[in-house]
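As a plain string of letters, each chain reads:
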Amino acid sequence: MYETEKENLKRFKDYIVEILRPSYIKTFLSTYLGTEIEERILAEENTSVTSAAEMLLQNILNLEAVGWFQAFLDELLAKEYTGLCEAIQEWDFKKLEEMRDHKALLHHVEASFTKHIKPTEVVSCMPKCFSPRECEEIKAITEQKGQIAGAEKLTECLKRSDKTNWFKLLKLALEERNFTIALQLLDPDTENSCKEVEDVEANGDTATVRFEYREDSGADDLVGDLNQMGLTENQDKVTGGSAFLEPSKPPGERKLRAYQRELAVPAFEGKNTIICAPTGSGKTIVALAISEHHLKSKADQKPKIVFMATKVDVYEQQYKLFKEHFNRTDQDVRITGLCGDMGEQISLDIIAETNDIIILTPQILVNALNRKDLPSLSVFSLLIFDECHNATRKHPYNVLMASYLDSKLSRRKESLPQIVGLTASVGVGTFKSQQEAENNICQLCANLDASIISTVSDNKEELLSFVYVPEKDFFEVEKRSGDPFIAIIHNIMSRIEVLAKKEYDIESLSNIENHDHGTQKYEQWIVDVQKQCKVLQLEDKEQESRVCRALFNYTEHLRKYNDALIINEDARTKDALDYLKAFFDQVRQAGFDETEQKLTACFDTEYPHLLQLSQQGQQNPKLEQLKYILDEEYRNDEKTRTVLFVRTRALADALKNWIEETDTLKFLKPGVLIGRARKSNQTNSGMTLNSKKGVLESFKSSEQSKILIATSVADEGIDIPQCNLVLMYEYVGNVVKMIQVRGRGRAKGSKCFLISDRKERIEKEKLNILREKIVEKAIANLRQSKESMQAKIDTFQREDKRIRDHANSMPERPRTNGNFKLLCAKCKKFACFSDDLRVGHEGSHHIVVERSIFNRCERSPHPNPRRFGQLEKKMKMFCKHCKNDWGIVATYMNIEDMPVIKIDSFVAQNCVTNVQHYFRKWKDVTFAIRQFDIADIKPF
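The shown structure was predicted, so the numbers you read here are calculated from the model rather than taken from an experiment.

What counts as what
- Residues numbered from 1 in each chain as written.
- Predicted model: local features only at pLDDT ≥ 70, side-chain atom pairs only at ≥ 80, totals over all residues.
- Heavy atoms only, no water.
- Salt bridge = Lys/Arg side-chain N within 4 Å of Asp/Glu carboxyl O.
- Helix = DSSP H or I, 4+ residues; strand = E, 2+ residues; numbered from the N terminus.
- Buried < 20%, exposed > 50% of the residue type's maximum accessible area, 1.4 Å probe, protein only.
- Pairing = 2+ DSSP bridges.
- Core = buried A, V, L, I, M, F, W, Y, C linked by side-chain atoms within 4.5 Å.
- Contact = heavy atoms within 4.5 Å.
- Phe/Tyr/Trp six-rings, centres within 6.5 Å; stacked < 30°, edge-to-face > 60°.
- Right-handed = clockwise from strand over helix to strand, strands pointing away.

**Student:** Is there a simple way to explain the pattern of salt bridges in this structure?
**Tutor:** Pairs can form between side chains of opposite charge whenever their charged atoms are close. For the structure shown, the criterion picks out 54 salt bridges. Notably, a salt bridge pairs D356 with R334, separated by 3.1 Å at the nearest N-O pair. Of this pair, D356 sits in the loop between helix 20 (348–353) and strand 6 (357–360) while R334 sits in the loop between helix 19 (312–329) and strand 5 (335–338), and the two are 22 residues apart along the sequence. Looking at D356, the relative accessible area reads 14%, which means it is buried. Note that R495 and E606 form a salt bridge whose closest N and O atoms lie 3.4 Å from each other.

Here you go:
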């Protein structure tokens, strides 16, 4: 019985399971399949609706009860599956087949489509396309989770719709409600649409589909770029071929947005160009298009491209982006990436020979040139500098370009690569007038040998339709007054200063004046005192060791109390006290000598009173203002996404704790994004690349973190999803920083607020806004007077070369062959002799061949053991007396237990004159160091 019906259900299964939702026909399930099977199907639906429908159909095919088929049809009709019911009754699925192309299109553009509609308004215009239950679900999800979540539910319903006219009614609804961008995504004939045309394969039939790619989220040019180029998983399933291909045009001809093409044109013509466009405008898209054009136009010349990113985090993102893009557009393009110590693994000339595009951090290229791994930059045909405004002073970008310019101005007979720079602003340096701004811009152009600044002028309207400038506002807050916590910390610091002066007159060690407690000036004073303390010499060497060690302990404790005052100024007293407590917990677990015991006892005496103040003290007015802003913004729009910029890592942690412990804010589930620690002994050790990725992934999820607290690491380049609220908490920099920070707010209607209790900071930010206007005028004027601009560039280049030539003509300071004692910079205890040092073959490792150094140090397992080149880190090495970090113990050239030291942990004392010197870097030392030879290793 029902054999024909069952055979046809199997035959047309694909159409049925892509429409039917089992939970909508629960009456049929419970009547004919039983409770156990019904529960299994409904549980499966939570994972996959289609999989649940397949399970339902499989169980239907096993039914033998009389009347089940008619009951199935009746239930479909009752639940308004009219199209599906009709198709099953007639066994004619042609109408459902015709819907598939439209559903494929909707699926393809869904990521953008859902961000440009209000679901309840769309439903109200096409109610016959949804069942009453679907209408209620869309409404409920929109109210509970926001517009985008509701739009996603609406789209899901439409992709499972059996109503033959749903696509036509959807377009009418979008037109009626003025959802123009969403309509442009679906309708190729919509006026002023910005689209790409590609072929979509659907059941063997080719249908032409048009779509718009938008940068809906992401850091500057990253996440949005993936959407724009069709690099997401769903887009790749539907599309194919190059992301920039125009319809009916051969490969190689690209279609960018009009403003992006305007930015790229000078570079397409082979000219050295600085591309200056706002954050979020798609500069990386432009760079990819330039790269593709360059590879094809110079195919007969074996082109080689280098793309440089200033930070490892950004390098990772850009490398992934280039790989994914060319995997989809031209798999013959060979791409590799290098960062950190990867440049030590293999010579860069080999990498350049075997690859077409290299993504790297610039220091790797600098090192390769210094080591003569590469003869010159002429190996490459195109250099792309991301965040090119950094090409100033001693930045690796400028070092590379100095090599480039020396070749150019010396008229060497070698071809030089094309230069392309990417930046959100060329407002570098300090300037008070348009003329000074023009000089600074011309200096940057001279550094990059680029006489063209490519900005958007002809297509500004289109640019502004994609890039939103957030509304800027300022909140000046009253300072906290009469805080007893501050008075107690001041008192402790004064007592420590008295103790330090009993050991030595520390005021004589530094010329920095007006170093008040709780200021950055005080931090500078501590750094200066510690620097001078390293070369402090007394007649009694034992006393010298004791005094220096004591002064280091005193100043380090003063530094932590100073940090606590700064935290207290910007956060809660509780956070400042927690910071101090964490520090003293570490002190107790370390060497804990007599001086530290005395200092710890001082803290312990005051701790009960400090704890009481932290629990009962007055609120910080800045935090109250911050709470008010967050409460208001999230009350008005619960989908708000916030990036909160702060100055220090400690403050980032403090504000995270404050949000998590504040009842009305803890739902924000804050994430923290900070840089990597530069010193292994820091209380806050920073973040690894993987931990940053985890924080960003959490922030991308609407169900998880709604606010990201970031330090300057998030200023430029790092992939931060789109947000609509940028908060600058006592966070002010220069014009470039202002533009980049503001650019994190990309959604329409975004806001950017500065919160400060310092009038001078607010005034500085207002001046930055004025300077931004000056820079815009300066660029416009320079573009109008090209000859004058070129003359300035030529003058700057000649003058800079003259300075470099003069510096290079100076004879290198000879290194003495005399012997030096290396003393611990903290306690002045002897470590080794300079005669016992050898430099590794790479020129970067300095090894002690006298193994008796192990009698004067302690070792512990390295927290991050790893190998680079011929060296493998195994252990950390510390001074036996004061626990100062001396360096590492490594395996070098397969020889185990080799001490590798860092010079800034030591003071070098001349064995003849007894004069002490402190060197921050190995290149600064005045004594000669021989090359490493295995025969020099002395037995232990």
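**Student:** Is there a simple way to explain the pairing of strand 5 in this structure?
**Tutor:** Side-chain direction in a regular strand flips from residue to residue, so the side chains alternate between the two faces of the sheet. Burial along strand 5 is two-sided: the face carrying I335 and G337 and the face carrying T336 and L338 are both buried. Here 4 bridges tie strand 5 to strand 6, and the two strands are oriented parallel to one another. Directly across from I335, in strand 6, lies its bridge partner I357.

**Student:** Before we go on, may I ask you to explain the nonpolar core in this structure?
**Tutor:** One broad trend across soluble globular proteins is that nonpolar side chains are buried collectively. One finds I489, Y561, L630, L644, L655 and Y729 to be the most contacted residues of the largest nonpolar core, which totals 66 residues. Take this core: its biggest share by element is 11 residues, from helix 27 (residues 541–570). What Y561 contacts, discounting residues up to four positions off in sequence, is I489, I492, M493, I496, L580, F584 and F603. In terms of nonpolar packing, the next biggest core, distinct from the first, is built from 60 residues, L33, I88, M126 and I138 among them.

**Student:** What is the right way to look at the packing of aromatic side chains in this model?
**Tutor:** A ring pair, where both rings are aromatic, is described by two values, the distance of the centres and the angle of the planes. Scanning the entire structure with this criterion turns up 27 aromatic pairs. Relative to F584, the ring of Y561 lies with its centre 6.1 Å away and its plane at 55°, an arrangement referred to as tilted. One end of the pair, Y561, is in helix 27; the other, F584, is in helix 28 (residues 573–589), with 23 residues separating them in the sequence. Of the two residues, Y561 and F584, both sit in the buried class. Ring geometry for W886 against F906: centres 5.2 Å apart, planes inclined by 45°, an arrangement best described as tilted. Here W886, found in strand 23 (residues 885–892), pairs with F906, found in strand 25 (residues 906–910); they are 20 residues apart in sequence, far enough to count as distant. Judged by relative accessible area, which is 0%, W886 ranks as buried. The rings of F12, Y15, W68, F69, W91 and F93 are connected pair by pair, giving a single aromatic cluster.

**Student:** Got a minute to help me understand the pairing of strand 7 (residues 382–386) in this structure?
**Tutor:** The buried fraction of strand 7 is high, at 5 of 5 residues. On strand 7, burial covers both faces: L382, I384 and D386 on one face and L383 and F385 on the other are all buried. Here 4 bridges tie strand 4 (residues 305–308) to strand 7, and the two strands are oriented parallel to one another. Bridged to F307 within strand 7 is I384. Bridge count for strand 7 against strand 8 (residues 418–423) is 5 bridges, and the pairing is parallel. Residue pairing in the sheet places F385 in a bridge with G421 of strand 8. Read from strand 7 through helix 22 (residues 396–409) to strand 8, the crossover connection turns out right-handed.

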